Amino acid sequence: MKANILIILKKYIPIGILVLLFMGCERELSDLKPVTFPDNPEVFIDGFSAGLNYAAFGGSVPTAFDVDNKETWNNSKASMRFDVPNVGDPQGAYAGGVFFTETGRNLTGYNALTFWAKASESAVIDLVGLGNDLGASKYQVTISGLQVSTSWKKYIIPLPNSSVLTAERGMFFYSTGPVDGKGYTFWIDELKFENLGTIAHPQFAIFNGEEKVETSFIGVTQNISGLSATFNLPAGVNQSVNAAAAYFNFSSSNEGIATVNESGVVAVVGGPGSAEITARVGNEVAKGSLTLQSIGTFQQAPLPVHPADDVISIFSDAYTSVPVNYYNGYWEPYQTTLSADFEVNGDHILQYIDFNFVGIEFSTPTVDATAMTHLHMDIYIPNTLTADAQLKIELVNEGAASSATSVVNIPVSQSNKWIGLDLPFSGFNGLGSTAKLMQIIFVNENNKISSFYADNIYFYSDGTQPPPPGEPDVAAATPTYPAANVISVFSDAYTAIPGTNLNPDWGQATVVTTIQIQGNNTLKLAGLNYQGIEFGSSQNVTAMGFLHVDFWTANSTALNIFLISPGPVETAYSLAVPTTGWTSIDIPLSSFAPVNLGDVIQIKFDGNGDIYLDNIYFRKN
Amino acid sequence: MNKINKFRKIRIQSFLLLILVIFWGCERDNFQKLDDRNWQLTWSDEFAGTAGQLPDASKWAFDLGTGDNGWGNSELQSYTNSPANVSLDGNGNLVITAIRSGNSFTSARINTKGLFSQKYGRFEARLKTPYGPGLWPAFWMLGTSIETVPWPGCGEIDIMELRGQEPHIIHGTIHGPGYSGGNPITKSYALNNDRFDADFHLYAIEWDKDKIDFFVDDYLYQRIERSDVPGEWVYDEPFFILLNVAVGGNYVGFPTAQTPFPQKMVVDYVRVYQ
């Protein structure tokens, strides 16, 4: 009997020891959770770890990944080889895929995914990371632009907050394209999760660490962007990773003004008032925040009233817009303007912040607005102006030497409300043709506008007949020379030589009329063969330097201008036709030798086509 | 031996085994057994005070500027006595901060020269190091004869130095005549899967007429005896204490664009015993 006891004791004492050990060092039984996932740290050591699968991304070369037994780290049995294709590879444009497990793994005991890597040449792998499970990929972590060299080196992808990774399926993924058009190969080996005491000083950020302040309205939603986690690596340098929203805990300082959900979607729900959106990861406060100053109910821009048939829309929810390349060209290096476009109750609004200038481009294809008469846009300046503001709006027609400009004065009283602008094309200084419009540019002319919203940007026709084809739709530019330096023949800007006859009967076929273009008198020579102009008195132009003339023709193939002195002594000067818009020319009077410049009596044109003329005058140098 | 006794013996053995296994499983390794000493505190600074305050002027003086050839080591920083570079944090710590502005750096170096020095004893500081390539924090001592006997004749004892690109390794070193600069008596102590900037650690020497012992967290990792020194033993005079964070220099190399700044050395206390 005693022997039996001994045997029993011998059997059970070790078990008792084990039980005591567990009680002493391990957690209490009551802490154990019913379901746990395997915590295997190995992803690929010398082959696929238990339960690991691979799937290539759509559009990538499906065979890009292979197991390599030759090129391995530390002469181990196998590594992962990735062949990045050349540009134009019929199999696919890039290499990319996911290593995932069927059942999740518990990664809460690790703080990094590590691997050794080398490449056939120094290269940058576009994206590597984990947390891609081919589904919601809730806990995705990536490094953008991983520099690899031709020698094996250890790389570390820090886990932002592994306490949430209780059942992660996305072990590793990558995506990368050719370098300078050429493919290359890289290898990864010893891919595993580790708990490294040698990475330290976690820092987290939302909005790239910026403290953003935005004016907003009820109904505006936006995503928290610029989420990152930064850890100091064993070599003392920082490594940042892009981190999914699910690693963060977001909060709003005022849920009555703005809410934020666990996916990082911020919604303005009340106002007026303000709310600050911040984030934490574990106990660490993330750098960066968003302060929303809600004005309250959004005031929509007035609904456009122009029939769709009379409109070419660039940006509006009321019309179908033409293809637009961009609403903000981010023109380097001088542009500061950023876009913070938003949507309220289905209405899309452009918002330009840190405004100095910004351009909208619609060049593919360009817009033929010849049947249109106006540019319409609604703008809203969401802060109080300190003084009257000037917004310069430029229209650019393809091929034009410069943009056409119109400056709008915005009184202080017009801030914080929608301002409807209807700008006639005729009000754009220097606008020639509108047949190939390609850009609208906004310029903060007197630097009073820090930001503005824009909506309903479109060209429209106000019903007035656009000029018939072949006739200028804008007047020639008004001359600026002082009248004292000018002897004028034909111009609204100057007093002409008294008694000048614009249509002397020299037996010509040309039909001469004076027409008004944008209220400006313009001399039209229709069906030109030749045409004279007789001065009211002989002119001594020896004190002058040039003969100026503005001319416009869509159909002429030959045009000469002559200066005539008694004799007659006449000399022709050829003008380039047809024109693109108005051509403005200053002909040196010396070009007309041997005409007697002390006694000029006539001007003559010859050639063909329909010619529009303006601002014919002699001027000093 | 009767059966009862045998049973008792098994029970005792099992009990001992149990205790042994429990110690293996749960406890840290025993530290080295060193002779107990009866240290008496002779000087200390616990760095109590309000945030932004400069260190106690009765205990610490400043080294300012760039020294001669970057303090003899082509160091890049300029030392200041600005609170931005050296001040109390209000939580009982002294913080020395290295700051980058463009291509130039400021930091701080403080010393007890003329205020406190001692021959032999235990010198310790509990501190958290900065990190990053090109950062070079130090807790160290110089012989008071430096005014008349140029370095290295005056002797130098580096209780703790660290290269920011290796934040898991510290170095304990002595420089003297015939064994200085690139050829000192030195030894390193590395943490396994941890780093010195992640938490506070206690750095100490215990120094008598025969030897200098170097400790990290009371673990003796280096003993230098008189006979270990290839030149003269110059450690029989009072030494004063220095604390600094250097940037760049021969010992550590240049900081890189990736070196995070600002960098802080946080000192909980400095204590000296006899």
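Shown above is the structure to which this text applies.
Considerations on the environment of V595 of chain A
Inspection of the secondary structure puts V595 of chain A in the loop between strand 41 (583-588) and strand 42 (600-607). Distance in space between the C-alpha atoms of V595 of chain A and S565 of chain A is 5.7 Å, their sequence separation being 30 residues.

Here's the deal with the sheet that holds strand 10 (residues 156-162) of chain B
Residue and element names in this part refer to chain B. The 7 strands lie next to each other as 2-7-16-9-10-11-12, forming an open sheet whose pairing is antiparallel. Edge positions in the sheet fall to strand 2 (61-63) and strand 12 (185-190), since each has one partner strand and no second. Ignoring which end each strand starts from, the neighbouring axes of this sheet average 20 degrees apart. With 9 bridges joining them, strand 9 (residues 135-143) and strand 16 (residues 239-247) adopt antiparallel strand pairing. Each bridged residue has a counterpart across the sheet, and for L142 the counterpart in strand 16 is F240.

Quick word on the nonpolar core
Counting residues in hydrophobic clusters, the biggest one holds 80 residues, and the most contacted among them are Y174 and F248 of chain A. Those residues within four positions of F248 of chain A in sequence are excluded, and the remaining contacts are F204, A205, I206, L227, S228, A243, A279, R280, V281 and A286 of chain A. Ranked by size, the runner-up nonpolar core spans 52 residues in total, among them I157, I174, F196 and I224 of chain B.

Considering the sheet that holds strand 30 (residues 404-410) of chain A
Across a sheet, paired strands are connected by hydrogen bonds in the backbone, their directions being either parallel or antiparallel. Residue and element names in this part refer to chain A. Read from one edge of the open sheet, 4 strands run 27-32-29-30, paired in antiparallel fashion. Both outer strands of the open sheet, strand 27 (357-361) and strand 30, are each paired with one neighbouring strand and no more. Within the sheet, the average angular offset between the axes of one strand and its neighbour, ignoring direction, is 20 degrees. In the sheet, strand 29 (residues 389-397) pairs with strand 32 (residues 437-444) via 7 bridges, with the strands oriented antiparallel. Bridged to I393 within strand 32 is F442.

As for the pattern of salt bridges
All names here are of chain A. Per the counting criterion, the structure on display carries 22 salt bridges over all chains. Between K392 and E445 there is a salt bridge; the shortest N-O distance is 3.6 Å. Of the two residues, K392 is situated in strand 29 and E445 in the loop between strand 32 and strand 33 (452-460); the sequence distance between them amounts to 53 residues. Here K604 and E570 are joined by a salt bridge, their closest N and O atoms 3.1 Å apart. With K604 in strand 42 and E570 in strand 40 (residues 569-574), this pair connects stretches of sequence that are 34 residues apart. Relative accessible area serves as the criterion here: at 36%, E570 is assigned to the partly exposed category.

Here we look at the environment of G49 of chain B
Residues and elements named next belong to chain B. Position of G49 among the secondary structure elements: in the loop between strand 1 (41-45) and strand 2. You can call G49 partly exposed: its relative accessible area is 31%. Sequence separation between G49 and G92 is 43 residues; the distance between their C-alpha atoms is 6.7 Å. For G49, the contacting residues outside a window of four places in its chain are L88 and G90.

Basis of the calculations
- Residues numbered from 1 in each chain as written.
- Chains lettered and ligands numbered in written order.
- Predicted model: local features only at pLDDT ≥ 70, side-chain atom pairs only at ≥ 80, totals over all residues.
- Heavy atoms only, no water.
- Helix = DSSP H or I, 4+ residues; strand = E, 2+ residues; numbered from the N terminus.
- Pairing = 2+ DSSP bridges.
- Axes fitted to C-alpha atoms, helices over the stretch in contact; angles between N-to-C directions.
- Core = buried A, V, L, I, M, F, W, Y, C linked by side-chain atoms within 4.5 Å.
- Buried < 20%, exposed > 50% of the residue type's maximum accessible area, 1.4 Å probe, protein only.
- Contact = heavy atoms within 4.5 Å.
- Salt bridge = Lys/Arg side-chain N within 4 Å of Asp/Glu carboxyl O.

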